[in-house]
Number of protein chains: 4
Amino acid sequence: MIRAGVIGASGLAGGELIRLITQHPDLELTFLGGSSNIGRRPAQLHPGLRIDTGLTVQPVTEDVADHVDVILLATPAPVSAELAALLADRVPAVVDLSGAFRIRTPERHRRWYPKVERRADLADRFVYGVPELVGDQLADAALISLPGCYATAITLGLAPLTLGLGLDLKTVVVDGKSGSSGGGLQLRTADLHPFRNGAIAPYAPTGHRHAAEVSDFLERSKPGTLGSLSMSAYGVSHVRGLLTSAYVFTDGEVDQRTLQRAYLRFYKGHRFVRVRRHTETLIPVPDPQAVLGSNYCDVTAMYDEEAGRIVVLAALDNLVKGAAGQAVQAVNLRFGLPEETGLTMHPVMPA
Amino acid sequence: MIRAGVIGASGLAGGELIRLITQHPDLELTFLGGSSNIGRRPAQLHPGLRIDTGLTVQPVTEDVADHVDVILLATPAPVSAELAALLADRVPAVVDLSGAFRIRTPERHRRWYPKVERRADLADRFVYGVPELVGDQLADAALISLPGCYATAITLGLAPLTLGLGLDLKTVVVDGKSGSSGGGLQLRTADLHPFRNGAIAPYAPTGHRHAAEVSDFLERSKPGTLGSLSMSAYGVSHVRGLLTSAYVFTDGEVDQRTLQRAYLRFYKGHRFVRVRRHTETLIPVPDPQAVLGSNYCDVTAMYDEEAGRIVVLAALDNLVKGAAGQAVQAVNLRFGLPEETGLTMHPVMPA
Amino acid sequence: MIRAGVIGASGLAGGELIRLITQHPDLELTFLGGSSNIGRRPAQLHPGLRIDTGLTVQPVTEDVADHVDVILLATPAPVSAELAALLADRVPAVVDLSGAFRIRTPERHRRWYPKVERRADLADRFVYGVPELVGDQLADAALISLPGCYATAITLGLAPLTLGLGLDLKTVVVDGKSGSSGGGLQLRTADLHPFRNGAIAPYAPTGHRHAAEVSDFLERSKPGTLGSLSMSAYGVSHVRGLLTSAYVFTDGEVDQRTLQRAYLRFYKGHRFVRVRRHTETLIPVPDPQAVLGSNYCDVTAMYDEEAGRIVVLAALDNLVKGAAGQAVQAVNLRFGLPEETGLTMHPVMPA
Amino acid sequence: MIRAGVIGASGLAGGELIRLITQHPDLELTFLGGSSNIGRRPAQLHPGLRIDTGLTVQPVTEDVADHVDVILLATPAPVSAELAALLADRVPAVVDLSGAFRIRTPERHRRWYPKVERRADLADRFVYGVPELVGDQLADAALISLPGCYATAITLGLAPLTLGLGLDLKTVVVDGKSGSSGGGLQLRTADLHPFRNGAIAPYAPTGHRHAAEVSDFLERSKPGTLGSLSMSAYGVSHVRGLLTSAYVFTDGEVDQRTLQRAYLRFYKGHRFVRVRRHTETLIPVPDPQAVLGSNYCDVTAMYDEEAGRIVVLAALDNLVKGAAGQAVQAVNLRFGLPEETGLTMHPVMPA
């Protein structure tokens, strides 16, 4: 059994990590850390998790290294930066779910995470990326930085165009739509049910740091192929799941058949990315309700002939493939397990 | 009192017309027409309208002309095309809420409404447009074609850029998000509550005919200013209200202050279009929940400096400003009443 | 014009009072009071109310008496108790929407409002009750205490049985279901959208003070007819509107026809209480979605022959007929206006 | 591997059976039957199940017996009655999820299932009941009839009172609240999203056949202990999960502590029934959102001293513990597997 610790156990991502780890055949939850709710059991923090893990939330010290093989940081970025510095080289694997180490370019990091000070030498050691796109870099990685929920969807949607088809993405306009769980559990009036229900809330209309992360990654993966990528983000009236729409303008030649084939080929053997035809089932897909609770990301690329653009849709559960599920997937790869171990649950639908 | 008749009384737009006309001080509902539900009272069709109008749904013949000063067609486009031919020149004013007469360019009409045959001479006589943008053309207009719900929002959002600031809109990417009432009451499995709730359903990802309507209008209003306009539409998890996001790339010089001033100036004196600052209240605006049940359209334009684009957001209640309310507004202007007559209700929020 | 002031302008009931008063032909909003948000305009507090009243929230002193003919208290019960003592006899009419003066029996008041100290002499002067049930007591009343949202529905549902049919209500079991707006805007984790959406939250399973209020009123109105009345309350997954189910066991003779007739007779001439047949329209009624935004209360009584019980359902919009609308209705009656003045808006449905 | 066939594969319960069986370590899905959608794959019927089972929906003949060890009937009651007659004695185990064989008393069956003709000899052979309450009757049972979703919750809630504490239940008033998935996928206007969202729809206010089922079972299990049991059922504004409230009046002596102990003792060793304290976590429990997607039923009993009644709350996922999960649990027990096999997934929350 691989011993896993979760820090930031009170939040939604923390709760989801506990859900997945305690369902995992080869992981054992051996530590829960946090700065609030000290002494509390998971069942007291997460109403859905009435399980007895024998653990309560503890303050984090370097002694945590004695109890875990891998530590998962579901903490705010500034906290992750500190904890990574503390635990790197003490724990065999540190997996960070925050944005602290996602952006490699220093100026861009400062622009989007002005309050997150991190050691440059540490930052450079992190493997960043969606597991499907980083090849075997995760095997034996000591430090792993997981993409944001939106970034995961956008990157999985665009990668076959650049890395697969070799297209230049001249202009990419991303529109992201997310349920309320994407915003966490902070106490804000606008997030109370009476105001959040029925909303289409344009909470980040002129930019989102997940877009910076995607640009950073794509430029690094294949320099020169990305022109401009802009993003707007909206909160819509459900709880779990997000959809990203990328409207792509390229000078390259492309048609619907080429797109469909390229996506199928690109994700062949990657069970968590499901390339779908838009009209496949009785509801249009991708739609996040069709991946709820699961680690799938559904992707579709369509050629909009009239407008001369490619429309790329990607849907995932922001707490699973967009956070805790992807973290477990990375841990699986890090420790040599099949990537789907503990992650084979089907979506719960309708819900 | 102006005598008003509603045809298509069973649908959602028909119900909303009944709601607004029976609340209107100067309109009297004198006819309800339809091809189904003959003999039924409004209360039997619309659970919210338990009112006694003394009317039941009747088949439509040319005799309806004896009973009305204005007829409102809340019928499918093919039916509207037939009824308009029947009633034009018999009824002082015909107001069509369908798409039958929205697109002026014949090829474009055929492309988007292949099954709607209409007489070209009749089509040319229709005044099309959002009341705020057609000046005094509605006064004494015999035939009025109202924009679609999305088209209203998009056009109100873009008009200050072209007609006000004189900008060329090189590329416009529109992302539309609508509640389930936008789809009417057709019996489809995908629209049953278990599948529609929690959905982000990309129902028109590569094009929507409302976009064609907008292009048609903008090109006509100011030839040469529109490059390409593409649209994708999504159904999200609430019932009433829509938001359109227009991502606009232009070569023109622009900044945030210019934008805000131009929008305020453009809509000065037009009470139903409210130019908002994005951060104005405790929830980000425009958000359709803040206009629910009212005839307002909230508009915001932001300059996204980093991406060199303009983000234009517009929110409205698809059944009011996007359909029945706009129809009543047009009727008011047609008959010389103040445009807000019967339309001064505030939004119902939270709801 | 009757000059009206609203205290507690920041809350949901306060916002709804502003909505209704500024739509009212004979009321003028002349004062906004509160202890927080001093200096703010309604538009800054209520995203749906982007109106210019010329008013900002002010601290309350006795000088408010110079500016108003009626003051409406949308304040927590302890605050209402204080403000009523300050303003009684200074302002021609004080209308309290809180629970401070609802319960007449002192022990019962202490049991359910242990922290609300009020002067007994003042309490005795308040007219309590649903306007439909207190006859002409509201004409010229100086002090008015309005029932709670649940209490309004329950009382309107039960009154025809006791006051109309003269039945003894041996055992009444009330089950109340409310949307999230019933809980106001307090910052509680459980009321954040992720946890409140999809919930059936039994927040008051073994008792609710609105039930005490109903018992108090019914016992006073017709002593000896009420055996026991118990209540449980649940928060369900929408925003606005509530339904109360009263399961009534009585020794009296009763049948469906008698019930229906008695209810119709009892509410004859009372336009805001609509007696419905359960199967009347395409959705089962009463259902709060069919009264949203309006001042109606829909009531149905059914005889459940198999179980020997009467099932009484009542639905209303908790912020309108359950709060602000009922307050305006009371003000209308107090000042000799037709009770429906400013309250004739239809429900907004679907929403 | 135990070979399992599902008939009624197109419906919601059928889809959920496919979800659970294909996640089960010891069950193999070997047959999909139905009368519609012949030739279709699960992925075409259930957007959440994009899996390759190698199966398509087939018409049902007695030959199905060659392919399965157990057949699960997720069919309407009249169809189940026919199929059970066809397959009994041909297939080792027939598990019926419909109401065809739930009620033992013939008159009661006719009263609630007037259109379901079934052979009396066959009906008598069915083992009925919630697995937790039927002891070892399921081991080797050839015919199993599973309780309805509401019936499961009500029975699990009341059993500790009668079977555990030996109380007489003089009067039981049940109020059931369910999400829209409880109504299946029939095409009805009232179930379209615009009308079902925001509803509190009293769809069975004076009686529900699940209550008849509960009475039948309780009277049979411990004759003479049940006075009257009445029920009303409501559809509320979410998709998955139900809550039953049983308001119980008894002459017996009882207090809160006794209740809590009795429930804990009664369900000791039954992992799927979780006895909860009402205030246990940050949201009031039981609440169906805290069991979503899982096989748990959360139960709480409270003594309402003021009213002299017991309030019993029970929450479950109507498609899992209320249908497919309970079916798999019964299959596990029938074939000698640990009852939790394949059912250990945690709730997905928030969702």
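All figures in this text were calculated on a predicted structure; none of them were measured in a lab.

Hey, could you run me through the overall build of chain A in this one?
Counting its regular elements, chain A contains ten helices and 13 strands. A compact globule built from 351 residues should have a C-alpha radius of gyration of about 20 Å, and chain A, at 19 Å, falls within 12% of that. Overall size of chain A, expressed as C-alpha extent along the three principal axes, is 60 × 45 × 40 Å. With 351 residues in all, chain A has 66% of them scored as buried. Partitioning the contacts of chain A with sequence separation of at least 6, the portion at a separation of at least 24 is 73%.

When you look at the interface of chain B and chain C in this model, what are you seeing that I'm missing?
Accessible area lost upon the coming together of the parts is a frequently used measure of interface size. Counting residues at the interface gives 33 residues for chain B and 34 residues for chain C. For the chain B face of the interface with chain C, the top three residues by lost area are Pro47(B), Arg50(B) and His346(B), together amounting to 26%. A salt bridge links Arg50(B) to Glu280(C); the nearest nitrogen and oxygen atoms lie 2.6 Å apart. Taken together, the links from chain B to chain C amount to nine residue pairs in polar contact (both at pLDDT 80 or more). Those elements that provide at least two residues to the side of chain B that touches chain C are helix H1 (12-21), helix H2 (42-45) and strand S11 (273-275) of chain B. Tallied by class, the residues present in the side of chain B that touches chain C amount to 18 nonpolar, eight polar and seven charged.

What should I look at first to understand the pattern of salt bridges in this one?
Should their charged atoms come close, side chains of opposite charge can pair. Counting across every chain of the model gives 83 salt bridges over all chains. Note that Asp317(B) and Arg240(B) form a salt bridge whose closest N and O atoms lie 3.1 Å from each other. Of this pair, Asp317(B) sits in the loop between strand S13 (309-316) and helix H10 (320-334) while Arg240(B) sits in the loop between strand S9 (226-235) and strand S10 (242-249); the two residues are 77 residues apart in sequence, bridging distant segments of the chain. With respect to class, Asp317(B) is no different from Arg240(B); both count as buried. When the shortest N-O distance is used, the salt bridge between Arg240(D) and Glu16(D) registers 2.8 Å. Placement of Arg240(D) in the loop between strand S9 (226-235) and strand S10 (242-249) and of Glu16(D) in helix H1 (residues 12-22) is noted, with a sequence separation of 224 residues between them. The residues Arg240(D) and Glu16(D) share a single accessibility class, namely buried. Beyond isolated ion pairs, a larger network of salt bridges with shared partners links Glu16(A), Arg19(A), Arg240(A) and Asp317(A).

Sorry if this is basic, but what is going on with the interface of chain B and chain A here?
Across the contact, 49 residues belong to chain B and 49 residues belong to chain A. Both faces combined, the contact of chain B with chain A buries some 3900 Å², and carbon together with sulfur accounts for 65% of it. Per-residue buried area on chain B facing chain A is highest for Phe195(B), Ile200(B) and Thr206(B); these three make up 16% of the total on that side. One can count four salt bridges joining chain B with chain A. Broken down by secondary-structure element, the contributors of at least two residues to the side of chain B that touches chain A are helix H4 (106-112), strand S7 (169-178), helix H7 (193-196), strand S8 (201-204), S9, S10, strand S12 (297-304) and S13 of chain B.

Teacher, can you tell me more about H1(B) here?
Residues lying three or four places apart along an α-helix face the same way, a consequence of the helix completing one turn every 3.6 residues. Most of H1(B) is tucked away, with nine of its ten residues classed as buried. For H1(B), the full list of buried residues reads Leu12(B), Gly14(B), Gly15(B), Glu16(B), Leu17(B), Ile18(B), Arg19(B), Leu20(B) and Ile21(B). Contact partners of the buried residues in H1(B): strand S1 (2-7), strand S2 (27-33), H2, strand S3 (70-73) and H10 of chain B together with helix H7 (193-196) of chain D.

Would you take a moment to explain the UniProt feature "domain: Semialdehyde dehydrogenase NAD-binding" (unreviewed entry) in chain A for this structure?
Here the UniProt-annotated "domain: Semialdehyde dehydrogenase NAD-binding" (unreviewed entry) positions come out as residues 3-141 of chain A. This span, residues 3-141 of chain A, is 27% helix and 16% strand, and a straight line between its end C-alpha atoms measures 16 Å.

Help me understand the pairing of strand S4 (residues 93-96) of chain B, please; the structure alone is not making it clear to me.
Along any regular strand, the residues point their side chains to alternate faces of the sheet. Residue and element names in this part refer to chain B. Burial along S4 is two-sided: the residues Ala93 and Val95 and Val94 and Asp96 are all buried. For S3 and S4, the ladder comprises four bridges, and the chain directions are parallel. Following the sheet pairing, Ile71 is matched in S4 by Val94. Crossover handedness for the path S3 to helix H3 (residues 77-87) to S4: right-handed.

Where do I start with H10(B) in this structure?
Residues and elements named next belong to chain B. Over its 15 residues, H10 runs only 18 Å from end to end, short of the ideal 21 Å by more than 12%, given 1.5 Å per residue. Along its length, H10 reaches its greatest deviation from straightness, about 45°, at Gln326. In terms of residue burial, H10 counts as a mostly covered element, since 14 of its 15 residues are buried. Two residues or fewer after H10 comes Gly336, characterised by a positive phi angle close to 75°.

Any chance you could explain the packing of helix H6 (residues 149-164) of chain C against helix H9 (residues 256-266) of chain C here in plain terms?
Helix packing geometry: the angle between the two helix axes and the distance between the axes. Residues and elements named next belong to chain C. Two elements in contact, H6 and H9, have axes whose closest approach is 10 Å; the angle formed by their N-to-C orientations is 100°. One way to sum up the angle between H6 and H9 is to call them roughly perpendicular. Facing Gly157, Ala159, Pro160, Leu161, Leu163 and Gly164 of H6, the residues of H9 in contact are Leu259, Tyr263 and Phe266. For the contact of H6 with H9, the residue count by class is seven nonpolar, two polar and no charged.

Honestly, the packing of aromatic side chains in this entry has me stumped. Any pointers?
Both the distance between ring centres and the angle between the ring planes are used here to describe each pair of aromatic rings. Counted under the stated rule, the structure contains 16 aromatic pairs over all chains. Seen from their ring centres, Phe266(D) and Tyr267(D) are 4.9 Å apart, and the 80° between their planes marks the pair as edge-to-face. For Phe266(D), a relative accessible area of 22% translates into the label partly exposed. Residue placement shows Arg334(B) over the ring face of Phe335(B); its charged tip is 4.5 Å from the ring centre.

I would appreciate a short explanation of the environment of Glu82(C) in the present structure.
All names here are of chain C. Within the secondary structure layout, Glu82 lies in helix H3 (residues 77-87). Residue Glu82 is classed as exposed on the basis of its relative accessible area, which comes to 60%. On a C-alpha basis, the gap between Glu82 and Val116 in space is 9.3 Å, while along the polypeptide they are 34 residues apart.

What is the right way to look at the sheet that holds strand S9 (residues 226-235) of chain A in this model?
What holds strands together in a sheet is hydrogen bonding between their backbones, with the strands either parallel or antiparallel. Residues and elements named next belong to chain A. If you walk across this open sheet you meet the seven strands as S8-S9-S7-S10-S13-S12-S11, and the pairing is mixed. The sheet terminates laterally at strand S8 (201-204) and strand S11 (273-275), the two strands that pair on one side only. Adjacent strand axes in the sheet meet at a mean angle of 25° when their direction is disregarded. Relative to strand S13 (residues 309-316), strand S12 (residues 297-304) is paired through eight bridges, and the arrangement is antiparallel. Within the sheet, the bridge partner assigned to Val299 lies in S13 and is Ala314. Contacts from helix H6 (residues 149-164) reach strand S7 (169-178), S8, S9, strand S10 (242-249), S11, S12 and S13 within the one sheet, and its direction differs from that of S10 by about 35°.

Definitions and limits used
- Residues numbered from 1 in each chain as written.
- Chains lettered and ligands numbered in written order.
- Predicted model: local features only at pLDDT ≥ 70, side-chain atom pairs only at ≥ 80, totals over all residues.
- Heavy atoms only, no water.
- Helix = DSSP H or I, 4+ residues; strand = E, 2+ residues; numbered from the N terminus.
- Rg over C-alpha atoms; globule rule 2.2 N^0.38 Å.
- Buried < 20%, exposed > 50% of the residue type's maximum accessible area, 1.4 Å probe, protein only.
- Contact = heavy atoms within 4.5 Å.
- Buried area = accessible area lost by both parts, 1.4 Å probe.
- Salt bridge = Lys/Arg side-chain N within 4 Å of Asp/Glu carboxyl O.
- Polar contact = N/O pair within 3.5 Å; in protein donor to acceptor, adjacent residues only side chain to side chain.
- Nonpolar A, V, L, I, M, F, W, Y, C, P; charged D, E, K, R; others polar.
- UniProt positions renumbered as here; feature names shortened; annotations may be inferred.
- Pairing = 2+ DSSP bridges.
- Right-handed = clockwise from strand over helix to strand, strands pointing away.
- Expected span 1.5 Å × (residues − 1).
- Bend = angle between axes of the 7 residues up to and from the residue.
- Axes fitted to C-alpha atoms, helices over the stretch in contact; angles between N-to-C directions.
- Parallel < 35°, antiparallel > 145°, perpendicular 65-115°, else oblique.
- Phe/Tyr/Trp six-rings, centres within 6.5 Å; stacked < 30°, edge-to-face > 60°.
- Lys NZ or Arg CZ within 6 Å of the ring centre and 35° of its normal.

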